[in-house]
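Chain by chain, the residues:
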Amino acid sequence: MIKGKQIVDAFISASNNINNLRTDVDALNVFPVPDGDTGTNMSMTIGAAARELKHLPEDVTVTEVFDKAASALLRGARGNSGVILSLIFRGIAKGAKGAEYFTSEVIVNALKNGKESAYNAVMNPTEGTILTVAREVADAAVAAEGDIREVLKSAVNKGNKTLLKTPEMLPALKAAGVVDAGGQGWMFVLEGALAFLESGAIIEKNATEEEK
């Protein structure tokens, strides 16, 4: 059973992880437009939410954390990938609605709703993208057993396996020899959160060139 403050720390860890790896994601960005900014946009989007969550009180509930995060992500969304990320978290907030603590049942509902929110917002969903990865992550969570950490670990493992298959689903990815950038970004977010839940330590944020 995870408290709201722990979710805040997991969220910050997730934000720091994709911030640190954003250029790796940028380098994968060939679909739908090869503009090399998917990682940067996803990092800036979730970073906007992480900054707001830092000000929440110690006794904040899980519902309050995700409601705050979803709102901040929507306002801070950058680019198509940032919008999709904000939609996933809007669904996650819906799935966690009413929860004081984060349990295995809540994370399953959250990931399912996150996947559905993203799919429902796209008129013609393309497989081999972040949507596919989000769906497989959610499906794996549904099938998993154990505590919240074990459920999320199973979901992350399935997501990474699915990510490796994205070049077979999208010719543009196969031609470039890369996996989907948005899907990779989503996995870095989830891996950052899982790292905190397993170790209790927030991944440190690397300073950008502007911050050095």
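Please refer to the structure higher up on the page.
Keep in mind the model is a prediction, meaning the values are calculated, not measured.

Novice: Which parts of the structure should I look at to understand empty space enclosed by the protein?
Specialist: Leftover empty space is mapped by rolling, across the atoms, a probe with the size of a water molecule. Applying the stated rule across the entire model yields two cavities of 30 Å³ or more. Of the volumes computed, that of the largest cavity is approximately 230 Å³. As for the largest cavity, its lining consists of 17 residues, of which Phe66, Phe89, Phe102, Leu190 and Ala193 are closest to the centre. Those elements that provide at least two residues to the lining of the largest cavity are helix H1 (4–20), helix H5 (79–95), helix H6 (104–121) and helix H10 (181–199). The element contributing the most residues to the lining of the largest cavity is H10, with five residues. Taken together, the residues of the lining of the largest cavity sort by class into 17 nonpolar, no polar and no charged. For the second largest cavity, the calculated volume is near 30 Å³.

Novice: What is the right way to look at the packing of H6 against helix H7 (residues 130–143) in this model?
Specialist: For any two helices packed against each other, the geometry is given by the interaxial angle and the distance between the axes. Closest axis-to-axis distance for the H6/H7 pair is 9 Å, and the angle between their directions is 155°. With respect to their mutual orientation, H6 and H7 come out roughly antiparallel. Here H6 runs over H7; the crossing is left-handed. Every residue of H7 that contacts H6 at Val108, Leu111, Lys112, Lys115, Ala118 and Tyr119 is listed here: Leu131, Thr132, Ala134, Arg135, Val137, Ala138, Asp139, Ala141 and Val142. Classifying every residue of the contact of H6 with H7 by side-chain character gives 10 nonpolar, one polar and four charged.

Novice: Any chance you could explain the layout of surface pockets here in plain terms?
Specialist: Taken as a whole, the largest pocket holds about 420 Å³ of empty space. Secondary structure elements with two or more residues in the lining of the largest pocket: helix H3 (38–53), H5, H7 and H10. A per-element tally of the lining of the largest pocket places H5 first, with four residues. Along the lines of polarity and charge, the residues of the lining of the largest pocket split into eight nonpolar, 10 polar and three charged. Taken as a whole, the second largest pocket spans an internal volume of roughly 330 Å³. Taken together, 13 residues line the second largest pocket, and the ones lying closest to its centre are Asn19, Ser43, Gly47, Arg51 and Lys205. Where the lining of the second largest pocket is concerned, the elements lending two or more residues are H1 and H3. Among the elements that make up the lining of the second largest pocket, the one with the highest residue count is H3 (six residues). When grouped by side-chain class, the residues that make up the lining of the second largest pocket number two nonpolar, seven polar and four charged.

Novice: Explanation requested: the environment of Ser15 in the structure shown.
Specialist: Positionally, Ser15 belongs in helix H1. Spatially, the C-alpha atom of Ser15 lies 18 Å from that of Ala155, the residues being 140 residues apart in sequence. Excluding anything up to four places from it in sequence, Ser15 contacts Ile46, Gly47 and Ala50.

Conventions adopted
Residues numbered from 1 in each chain as written. Predicted model: local features only at pLDDT ≥ 70, side-chain atom pairs only at ≥ 80, totals over all residues. Heavy atoms only, no water. 1 Å grid on protein atoms, 1.4 Å probe; cavity = no way out; pocket = protein on both sides within 12 Å on 5 of 7 lines; lining within 4 Å. Points joined across faces, edges and corners; volume = space filled by probe spheres on them. Helix = DSSP H or I, 4+ residues; strand = E, 2+ residues; numbered from the N terminus. Nonpolar A, V, L, I, M, F, W, Y, C, P; charged D, E, K, R; others polar. Axes fitted to C-alpha atoms, helices over the stretch in contact; angles between N-to-C directions. Parallel < 35°, antiparallel > 145°, perpendicular 65-115°, else oblique. Left-handed = near helix turned anticlockwise from the far one by under 90°. Contact = heavy atoms within 4.5 Å.

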